[in-house]
Amino acid sequence: MAKREGCQRVVVKVGTSTLTHDTGRLNLYSMERLSRTLSDLEGMGHEIILVSSGAIGIGTAKMGLAERPTQLRMKQAAAAVGQCMMMHLYDKMFGEYNRVVAQILLTGEDVDAPVRAEHLHNTFESLLELGIIPVVNENDSVSSAEIETGKCKVLGDNDTLSAMVARLCRADLLVLLSDIDGLYDSDPRQNPEAKLIHRVEAVTPELRAMAGGAGSWRGTGGMATKLNAAEIAMAAGVDMVITNGTRPEDLYGILRGEDIGTRFLAVRS
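Parameters and conventions
- Residues numbered from 1 in each chain as written.
- Predicted model: local features only at pLDDT ≥ 70, side-chain atom pairs only at ≥ 80, totals over all residues.
- Heavy atoms only, no water.
- Helix = DSSP H or I, 4+ residues; strand = E, 2+ residues; numbered from the N terminus.
- Buried < 20%, exposed > 50% of the residue type's maximum accessible area, 1.4 Å probe, protein only.
- Contact = heavy atoms within 4.5 Å.
- Areas by Shrake-Rupley, 256 points an atom, 1.4 Å probe, with all protein chains shown as cover.
- Phe/Tyr/Trp six-rings, centres within 6.5 Å; stacked < 30°, edge-to-face > 60°.

Bringing the overall build of the protein chain into the picture now. Of regular secondary structure, the protein chain possesses 11 helices and eight strands. Within the protein chain, the proportion of its 269 residues that are buried is 52%. Restricting to contacts in the protein chain with at least 6 residues of sequence separation, those with at least 24 account for 72%. Roughly 12600 Å² of accessible area belongs to the protein chain as shown, and the carbon and sulfur atoms make up 51% of that amount.

Rendered as structure tokens:
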């Protein structure tokens, strides 16, 4: 079934810091608002793909661990527990709005290998045709042997994963919901005069110099990984927006093209 005129295929990536409280426990209010907004956008005719971090963070709290594991095997155990709980909640919350979700767990090899990528693309197309919202995460629980021997490329951050999914699905737009309003000309946590950059046409060395390190202890990504994602998306002809995940309702304005967050403009062929 063809999309209605003016409707877009949108990949929305939500980070651990948006999905959890400072305690590491789930932020149910934030998850519910996100689910409601995405359900409504799908009802408007947009095709929605959700890339959701959080499995390790959620699993850490669920297992009663005092802090995020550092050992690979314990990270994988936490991911397995957390992914189960996360999908249960998404299924429940989207279901309240009569929406169906599907789980897709990926590694880098799934996206890079041509045959796998083609099957994956067809799966996404079939789900979207049926009005189903795919919920994507990296398959953090693949065996350590695969990771250590290089047989299975693990991406390490969902900013990159979301850009690869947007490219694979030939999306119109990628939105990264973060714990910051967008890209600033300096660190807003240190400089109260920092100004938000609304439009970016190229990821330059100067732009990278503005990017700080990793984010909060609950997540793994920082602005540098978001710039990497922007390069992938822009080269694939996909606009990318970084915006604050505490306001999921901003997605309405973003899809209308309003200056919310920072928009990285795709390379047009």
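On to the packing of aromatic side chains. The way to describe two aromatic rings as a pair is by their centre distance and the angle between their planes. In the structure shown here, the tally under the stated rule is one aromatic pair. Centre to centre, the rings of Tyr90 and Phe94 are 6.0 Å apart; their planes meet at 45°, and the pair counts as tilted. Of this pair, Tyr90 and Phe94 are both found in helix 4 (residues 72–95), four residues apart, which corresponds to roughly one turn of the helix. Exposure remark for Phe94: the relative accessible area of 0% places this residue in the buried category.

Our next topic: unusual backbone geometry. In the Ramachandran plot, Asn98 falls in the positive-phi region, its phi being about 60° despite a non-glycine side chain. Among the secondary structure elements, Asn98 is positioned in the loop between helix 4 and strand 3 (101–106). Given a relative accessible area of 68%, Asn98 falls into the exposed group. Look at Arg170: it is not a glycine, yet its phi comes out positive at around 50°.

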